[in-house]
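# Secondary and tertiary structure notes
This is what each chain is made of:
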Amino acid sequence: MEYSDSSDKSEQRCSSLAARLRAGNRAAAVELVDIYYEQIYVFFRRLGHSCQVSEDLTQESFLAAWQHIGQLRSGKTLNSWMYRIAGNVSKLYWRGHKDSKAVSIEGFDVPDGSEPECDKTGNSEQVGRLKNAVAGLPIKLRQAVVLHYMQHLTIAEAAEAAGVGQGTFKSRLNRALKTLRGRIISEDGELL
Amino acid sequence: MREEKLEKLLNELADATAEPVPPHLAEDIKHQIPQQLSPHRGGLDTVNIIVDLRISKLTAAAAIIVTMVLFANFFGGQSPADGGIYQNGKLLVKYCLGGILADRSNVLAAKSRYEYLAQTGKDVMYYGDSVDPRDSNAVLIQWKLSDGGYRVVFGDLREEIVSAEELIRLQARMLQKKAK
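Residues numbered from 1 in each chain as written. Chains lettered and ligands numbered in written order. Predicted model: local features only at pLDDT ≥ 70, side-chain atom pairs only at ≥ 80, totals over all residues.

Residue and element names in this part refer to chain B. In the sheet, strand β1 (residues 124-126) pairs with strand β2 (residues 139-144) via 3 bridges, with the strands oriented antiparallel. Counterpart to Tyr 126 in the pairing with β2 is Ile 141. Sheet topology places β2 next to strand β3 (residues 150-154); 5 bridges connect them, and they run antiparallel. Looking at the pairing, Val 139 lines up with Phe 154 of β3. The antiparallel pairing of β2 with β3 creates a hairpin that spans 5 residues between the two strands, and Gly 148 there sits at a positive phi of about 95°. (Pairing = 2+ DSSP bridges. Helix = DSSP H or I, 4+ residues; strand = E, 2+ residues; numbered from the N terminus.)

If you want it as structure tokens, here you go:
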């Protein structure tokens, strides 16, 4: 019941924010930045961009958001709209920097100075392998994994953010998981 | 089971890759928010058309008249040959332009009309290149009507239906004036 209430409040907040954005309210734009700038930056990092590039692409994403504010339909689509813009910005970057793929894998490091949660549970080796496996996925599959499992978008939101139907998105996700399983599986058939 | 473990590991990877964001980033982005956010600046249902078109008054007048003739043709109502919207266009041009510009614009308007009539297969003659644009009685274009008469457009874009004899008289007058 409490969950339902908080979910309703969140939906109302998003609807109100979207309506104010569509009306051209600048304060709403500031609010949008506060809500999303961290998520979008981390999204770029998880996609494999370096810190500096992620910073630039985050700024570009918001600039694109201001220009395409007319496309925002409702509060329900706010999440997917923002991630779709970010995904397109990332795609454009990669299109123009095809040589930067190797850098992107290196850039997928666990940040210095923050001990990963996994270390505490003794899963660091597994997570390390998984990190490399995710970084080695083709861009579309990597985006699917990052959107759903790391940015925690629902399948519907993530599919919309990726600009594909839910069926296609699920198929990408399955292919990604299959590839990951194949890459991190141990000799005795267990996940490492 | 494997599925669940992999998903769990992915969640752990998400936690492991959640890194602090540069502190100035939010402020940098906020500084770039435009003063006026316009919902119609872009989108699938909008097209930005920004044209910096610099043309002379004559060309603009001709463009207006051609557009009006075409509109009259496409949307029915009055035929371009009957006047109507064409006459309104003529008045508009006269209102917008003055002096020699207006006279030349009449010649241009007549030429546009001549081209249109010629395209529609009318037996039309154009004299705009050889007449004095300031002569309001000069014949700019003429074409034969089905009843044997001729419709004539004069230098001031006035139109009259004249007989063959009257047309010869008008043309003779033009030749005399030119000879002088």
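Let's pick the thread back up.
The next subject is the packing of helix α2 (residues 26-47) of chain A against helix α4 (residues 78-96) of chain A. Each packed pair of helices is defined by two parameters, the angle between the axes and the distance between the axes. Residues and elements named next belong to chain A. Across the interface, α2 lies against α4 with an axial gap of 11 Å and an inter-helix angle of 40°. Comparing their axes, α4 and α2 come out oblique. The way α2 lies across α4 gives a crossing that is right-handed. Counted together, Tyr 36, Ile 40, Phe 43, Phe 44 and Leu 47 of α2 and Met 82, Tyr 83, Ala 86 and Ser 90 of α4 form the full contact between these two elements. (Axes fitted to C-alpha atoms, helices over the stretch in contact; angles between N-to-C directions. Parallel < 35°, antiparallel > 145°, perpendicular 65-115°, else oblique. Left-handed = near helix turned anticlockwise from the far one by under 90°. Contact = placed C-beta atoms within 7 Å.)

Take the environment of Ala 19 of chain A next. Inspection of the secondary structure assignment puts Ala 19 of chain A in helix α1 (residues 2-22). Between the C-alpha atom of Ala 19 of chain A and that of Leu 72 of chain A, which follows or precedes it by 53 residues, the distance is 8.9 Å.

Residues and elements named next belong to chain A. Within the element layout of this structure, Cys 14 appears in helix α1. Residue classification places Cys 14 among the partly exposed residues on the basis of 17 C-beta atoms within 10 Å. A C-alpha to C-alpha distance of 6.9 Å links Cys 14 and Lys 76, two positions 62 residues apart in sequence. In this view, Cys 14 contacts Gly 75, Lys 76 and Leu 78; residues no more than four positions away in its chain are not counted. (Buried ≥ 20, exposed ≤ 12 C-beta atoms within 10 Å, placed from the backbone.)

All right, on to the nonpolar core then. Within the largest apolar cluster, 57 residues are counted, with the highest numbers of intra-cluster contacts made by Met 82, Leu 130, Ala 144 and Val 145 of chain A. Among the elements that line this core, the one with the most residues is α2 of chain A, at 12 residues. Each of domain 1 (1-109) and domain 2 (111-192) of chain A contributes no fewer than three residues to this core. With sequence-adjacent residues up to four places away left out, Met 82 of chain A is seen in contact with Tyr 36, Ile 40 and Ala 65 of chain A. Ala 62, Ile 65, Leu 140 and Ile 141 of chain B belong to the second largest nonpolar core, which has 24 residues in total. (Core = buried A, V, L, I, M, F, W, Y, C linked by C-beta atoms within 7 Å. Domains from an automatic or database assignment.)

This part takes up helix α7 (residues 124-135) of chain A. Residues and elements named next belong to chain A. Taking 1.5 Å per residue as the helical rise, α7 with its 12 residues ought to reach 16 Å, and the 16 Å between its terminal C-alpha atoms agrees with that figure. For α7, the complete set of buried residues consists of Gln 126, Val 127, Leu 130, Lys 131, Ala 133 and Val 134. Taken end-on, α7 shows its buried residues confined to a sector of 165°, consistent with a single buried face. (Expected span 1.5 Å × (residues − 1). Arc of directions from axis to C-beta.)

Residue and element names in this part refer to chain B. Averaged over all residues, the pLDDT of chain B equals 76, while 73% of them reach at least 70. Taken element by element, chain B is modelled with least confidence in helix α4 (residues 85-96), mean pLDDT 62, and with most confidence in helix α2 (residues 25-31), mean pLDDT 90. For this predicted complex, the interface confidence score (ipTM) comes to 0.75, while the overall pTM stands at 0.57. (pLDDT = per-residue confidence, 0-100.)

For His 152 of chain A, which is not glycine, the phi dihedral falls at a positive 60°. Its location among the elements puts His 152 of chain A in the loop between α8 (139-150) and α9 (155-162). Using a count of 13 C-beta atoms within 10 Å as the deciding quantity, one classes His 152 of chain A as partly exposed. A positive phi angle, close to 70°, is found at Leu 157 of chain B, a residue other than glycine. Relative to the helices and strands, Leu 157 of chain B resides in the loop between β3 and β4 (159-162).

Residues and elements named next belong to chain A. At a minimum axis separation of 10 Å, α7 and helix α10 (residues 166-184) run at an interaxial angle of 130°. Considered as vectors, α7 and α10 are oriented oblique to each other. Helix-helix and strand crossings are classified by hand; for α7 and α10 the assignment is right-handed. Note on element contacts: α10 touches α7 through Leu 180, Arg 183 and Ile 184, opposite Gln 126, Arg 129, Leu 130, Ala 133 and Val 134. Along the lines of polarity and charge, the residues of the contact of α7 with α10 split into 5 nonpolar, 1 polar and 2 charged. (Nonpolar A, V, L, I, M, F, W, Y, C, P; charged D, E, K, R; others polar.)

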